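Summary of structural features
Next come the chains, spelled out residue by residue.
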Amino acid sequence: MDFTIDFTKEQIEAIENVLEEELIELGVQSVILMDLAGNVIVNLDSGDTSHDVFSLAALAAGNYGAVSAMANIIGEQEFSLLFHKGEEESIHFSKVVDDLLLLTIFNKNVSLGFLRLKVAEAVKRIQLLV
Amino acid sequence: MALINPKKREVQVKIVYYGPGRGGKTTNLEYINRKFKKRILSEMVTVKTYGDRTLFFDFLPFDMGEIKGHSIKIQLYTVPGQVKYNATRRLVLRGVDGVVFVADSMDLRREMNIRSLQNLKENLESFNKNILNVPIVMQYNKRDLSEEGIPILPIETMQKDLNHQLKAPYFPASAVSGENVTATMKKIIALTVSSLRKKLE
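Since the model is a prediction, treat every value here as computed from it, not as a measurement.

**What about the interface of chain A and chain B?**
Between chain A and chain B, the contact holds 23 residues from the first and 22 residues from the second. Elements with a contribution of two residues or more to the side of chain A that touches chain B: α1 (9-24), β2 (40-45) and α2 (53-73) of chain A.

**Comments concerning the nonpolar core**
Ranked by size, the top nonpolar core spans 88 residues in total, and within it A:Met34, A:Ala57, A:Leu101, B:Val16 and B:Phe101 carry the most contacts. Ranked by residues supplied to this core, first place goes to α2(A) with 8 residues. The residues touching A:Met34, leaving out its near neighbours within four places in the chain, are A:Asn39, A:Val40, A:Ile41, A:Ala57, A:Ala60, A:Ala61, A:Leu101 and A:Leu103.

**Focus: the packing of helix α2 (residues 86-93) of chain B against helix α3 (residues 110-126) of chain B**
Residue and element names in this part refer to chain B. Where α2 contacts α3, the two axes come as close as 10 Å, and the packing angle between them is 60°. The angle between α2 and α3 places the two elements in the oblique class. Taken as a pair, α2 and α3 cross one another with a handedness that is right-handed. Across the interface between the two elements, Asn 86, Arg 89, Arg 90 and Leu 93 of α2 pack against Asn 119, Asn 123, Leu 124 and Ser 126 of α3. Counted by class, the contact of α2 with α3 contains 2 nonpolar, 4 polar and 2 charged residues.

Cut-off values and rules
Residues numbered from 1 in each chain as written. Chains lettered and ligands numbered in written order. Predicted model: local features only at pLDDT ≥ 70, side-chain atom pairs only at ≥ 80, totals over all residues. Contact = placed C-beta atoms within 7 Å. Helix = DSSP H or I, 4+ residues; strand = E, 2+ residues; numbered from the N terminus. Core = buried A, V, L, I, M, F, W, Y, C linked by C-beta atoms within 7 Å. Buried ≥ 20, exposed ≤ 12 C-beta atoms within 10 Å, placed from the backbone. Axes fitted to C-alpha atoms, helices over the stretch in contact; angles between N-to-C directions. Parallel < 35°, antiparallel > 145°, perpendicular 65-115°, else oblique. Left-handed = near helix turned anticlockwise from the far one by under 90°. Nonpolar A, V, L, I, M, F, W, Y, C, P; charged D, E, K, R; others polar.

In structure tokens:
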């Protein structure tokens, strides 16, 4: 399968609102909604980061694909949630729909448990918009 | 299919350099990275194995200016060429808008080129894409080897082997010296972007 969802301006704005309310306000550094081809659909940040989001998205798409292949080997369809922990910053990946991933970059000031709750909330709301 | 963001009026175009292992795909991107350093805002990303072979992909993004009021972001990828990495190759091909097929001109690699092109065709089919409908440019790389006395395939033979049916634009090239590397890239960007034009109107 190979599809890219076409987004309208209104859809993008609605998604941005969700991400702003659920995640940016929580204090995450940066959030990226991307497709599995590595395209960045929406990117918001707290204003004090300058990550190279296009390279991040390209690698995240590859990473997600590789991990899905690992899942298949052990008999799972996929791992719908991934988390990479760093000393200062961490990355959380969550699948939104078939072709979309939500990437959240956050630091030590945000608790993982709370973040997961908020990501789940955001994913639910975005699913209704796409 | 390229991703169009109507809010930012931005188009992301994915171009993949495909071809047999050790054919010069990464060298193409490295040359472009050096030559266009000023227009490339971020570092080239490469995921390599021990021994400097591409394991996952190389990734090089740059801005190309505007078309019909949309800013165009070109994203160049390479795939790992080695046969055993097909799963990764397929991953990288996902959502591809244009392909540069980098063939190795060395006499010894004739069979590898043909097999790699067949592999490209099959992988595109797994995404319901027909190779005949995807913008593609052929690059016959390593022409410089003949100066060192290494036997290389005549262009006519390579055309017959690889481009008989596709009839794609082709360039004899040397990624090491940079000969026709830019020409190849410009051609694939032109082909890919013109296939998008209609969508932007």
